[in-house]
Amino acid sequence: MQKIDSSRYLLLLFIGGMVLILYTTLFPFDFVIDNALSLEQWTLSGSSRYDLFRNVLLFIPLGVGLAGLLSQWLSTTIGRIFATVLLCAILSAVIEFLQCSLTVRTSSVLDMLMNIAGAFLGAVTFHALRKWPFNDTQSLLNRSIATVSKTISRISLHLLLCAIPFFTWSLSEQIQDTSLASWDDTFTLLIGNERSGNRSWDGIVNELHFINRAIEQNEAKKIFSRTLMPEAFGSSLIASYRLTDGNSFHDRAENLSKLVWRPNSLTGPGNDSISINADQWLETEEAVSALTKEVSASSAFTAWAVIQSGNRRQTGPARIISISENSQLRNFTMGQQEQDLVLRLRTRSTGENGTYPELRIANVFSDLAPHHLLISYDGSVLQAFVDSVDNLYTFHITPSITFFQFFLPVDYWTIRIDSYSIQVFRTIYYSLILIPLGILLWYLARYIFARYTNSHVILSKRKFGNYAVGRR
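All values derive from a computational prediction rather than experimental measurement.

Draft legend 1. Structural view of the overall build of the protein chain. Helix and strand counts for the protein chain come out as ten helices and 16 strands. Split into buried and exposed, the 472 residues of the protein chain put 44% on the buried side. Considering only residue pairs separated by 6 or more positions, the protein chain has 70% of its internal contacts joining residues 24 or more positions apart.

Structure (structure tokens):
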């Protein structure tokens with residue numbers, strides 16, 4: 001009885017293991033090369049028990065597949081196990097170094113040791129299975145495989161190829177709504193913290209304005225040159241606060257309630273200081289319902305702020321400006337994560353916390369100078385101007401990006417607006433749709449060609465066969 005060729009299955013196991021490891025450990029592929037070789041980011045511990053178990057389990061399939069492939073070139077069991085562990089250790093080390101350049105990852109020596117342990121278990125598992133008395137088992141397996149029709153196998157393959165693009169498209173349909181209709185009108189406007197007081201920011205906000213539409217680039221240029229003031233936007237100006245007027249922070253557009261110092265017992269720092277920190281931040285007395293309703297109706301807005309950070313190492317991200325209820329529910333947030341500006345925008349696509357994905361603009365706070373920021377959204381495209389129209393960052397909220405929230409191997413998703421990883425996501429997304437469809441079309445073309453060829457062969461045989469009979 002013909003034996004099953006296991007080499008193809010080992011190769012598939014090896015390739016599948018590699019893809020799973022690279023996706024799980026390097027997502028979201030948002031590398032910052034400047035930090036890639038920084039050993040200061042390595043830790044000796046810090047992983048949870050779940051992470052330790054996952055790091056072992058992740059490398060077992062790769063260990064099995066790699067040990068099986070190496071058995072074609074290495075004759076001794078010890079040699080194969082050693083080579084498998086060594087190659088997987090090199091792979092793990094490369095991954096940990098690359099994780100140093102990812103903003104949402106932490107490189108750990110313990111993770112690397114767990115990866116090596118998983119590779120060792122995989123290699124040992126392969127050799128243990130090789131020594132199992134497989135004669136009867138393989139015979140039974142061959143008979144079982146023989147009972148499966150090739151036609152059923154092909155139908156299953158075709159159904160799978162149809163299911164992948166349909167599944168991708170159907171998930172995308174659920175998250176293609178990029179409007180702001182989901183904004184909650186019960187949230188207040190906060191400057192310098194969340195209502196819970198656990199996301200404090202240290203710095204100064206000199207002014208803050210909201211407009212109920214996206215601005216044009218020529219308008220942004222005039223704003224930066226101070227030839228276009230907030231009052232010039234007329235009825236489009238929803239809110240306007242100047243925080244250099246002492247402790248009386250009223251909305252000059254007269255749509256929202258005034259800002260008051262929090263905690264409630266605080267009376268304010270006095271006219272000579274408007275510093276915001278963990279002990280004092282600002283919040284509107286009432287929910288900003290007027291702002292929320294106008295923005296929800298238009299699905300467009302511009303946030304205009306002049307801010308100055310007091311610390312380059314603030315994390316959380318620390319909340320500079322936020323329309324939110326707590327650390328998990330928000331409409332819009334402008335924050336600081338170390339030297340980066342963080343933006344969270346709530347749509348049905350990006351979620352109630354605006355973190356699918358959270359957006360970053362790198363090195364905005366590399367200095368402690370005042371920064372003039374314009375954040376504009378028009379229903380699907382977010383634009384951020386930093387200090388001038390030349391520093392423009394654009395992000396398109398499309399299903400090809402938000403689709404990946406269903407397959408996150410990390411707790412949260414943050415990407416830099418100018419990152420090449422955005423193109424990686426789009427390439428993967430369209431590949432999931434177009435490649436299976438292309439394979440299906442190829443199978444269909446082969447089938448039609450085969451039927452056409454066979455029909456002509458049959459007709460030719462009949463024609464010449466009848467002619468031969470007639471000649472006799």
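Having seen the structure, we can now continue with the description.
Draft legend 2. Representation of the pairing of strand E7 (residues 281–284). Every second residue of E7 is oriented toward a common face, with Trp281 and Glu283 on one face and Leu282 and Thr284 on the other, all of them buried. Two strands pair when backbone bridges link them, and strand E3 (residues 188–191) and E7 are joined in this way by two bridges, in the antiparallel orientation. If you follow Ile191 over to E7, its bridge partner there is Leu282. Here strand E6 (residues 259–262) pairs with E7 via four bridges, running antiparallel.

Draft legend 3. Region of the structure containing the packing of helix H3 (residues 77–99) against helix H4 (residues 109–130). Where H3 meets H4, the axes come as close as 9 Å, and the angle between the chain directions of the two elements is 150°. The angle between the axes of H3 and H4 places the two elements in the roughly antiparallel class. As for the relative orientation of H3 and H4, their crossing is right-handed in sense. Contacts between H3 and H4 involve Thr77, Arg80, Ile81, Thr84, Val85, Cys88, Ala89, Ser92, Ala93 and Glu96 from the former and Asp111, Met112, Asn115, Ile116, Ala119, Phe120, Ala123, Val124, His127 and Arg130 from the latter. Considering only residue class, the contact of H3 with H4 consists of eleven nonpolar, five polar and four charged.

Draft legend 4. The arrangement of empty space enclosed by the protein in detail. For the structure shown, the criterion picks out one cavity of 30 Å³ or more. As for the largest cavity, its lining consists of Leu343, Arg344, Leu345, Thr350, Gly354, Pro357, Leu359, Leu382, Phe395 and Ile397. The dominant element in the lining of the largest cavity, judged by the number of residues it contributes, is strand E11 (residues 340–345), at three residues. Here the lining of the largest cavity is built from residues that sort into seven nonpolar, two polar and one charged.

Draft legend 5. Seen up close, the sheet that holds E6. Pairing within the open sheet is mixed, and its eight strands lie in the order E6-E7-E3-E9-E10-E11-E12-E16. With partners counted over all chains shown, the strands left at the sheet margins are E6 and strand E16 (414–416), one partner each. Each adjacent strand pair in this sheet contributes to an overall mean axis angle of 20°, direction not counted. Pairing of E11 with strand E12 (residues 358–361), which is carried by three bridges, proceeds in the antiparallel orientation. If you follow Leu341 over to E12, its bridge partner there is Ile361.

Draft legend 6. Quick look at the sheet that holds strand E5 (residues 237–242). Strand order in the open sheet formed by six strands is E5-E4-E8-E13-E14-E15, with antiparallel pairing between adjacent strands. At either end of the open sheet lies a strand with only one pairing partner, and these are E5 and strand E15 (392–396). Ignoring which end each strand starts from, the neighbouring axes of this sheet average 15° apart. Strand direction decides the pairing type here: strand E13 (residues 371–377) and strand E14 (residues 381–386), joined by five bridges, are antiparallel. Across the sheet, residue Ser376 finds its bridge partner in E14, namely Gln383. Against the sheet, helix H7 (residues 217–224) touches strand E8 (301–309), E13, E14 and E15, its axis set at about 160° to E13. Lying over the sheet, helix H8 (residues 289–298) contacts strand E4 (203–211), E5 and E8, oriented at roughly 140° with respect to E5.

Conventions we followed
- Residues numbered from 1 in each chain as written.
- Predicted model: local features only at pLDDT ≥ 70, side-chain atom pairs only at ≥ 80, totals over all residues.
- Heavy atoms only, no water.
- Helix = DSSP H or I, 4+ residues; strand = E, 2+ residues; numbered from the N terminus.
- Buried < 20%, exposed > 50% of the residue type's maximum accessible area, 1.4 Å probe, protein only.
- Contact = heavy atoms within 4.5 Å.
- Pairing = 2+ DSSP bridges.
- Axes fitted to C-alpha atoms, helices over the stretch in contact; angles between N-to-C directions.
- Parallel < 35°, antiparallel > 145°, perpendicular 65-115°, else oblique.
- Left-handed = near helix turned anticlockwise from the far one by under 90°.
- Nonpolar A, V, L, I, M, F, W, Y, C, P; charged D, E, K, R; others polar.
- 1 Å grid on protein atoms, 1.4 Å probe; cavity = no way out; pocket = protein on both sides within 12 Å on 5 of 7 lines; lining within 4 Å.
- Points joined across faces, edges and corners; volume = space filled by probe spheres on them.

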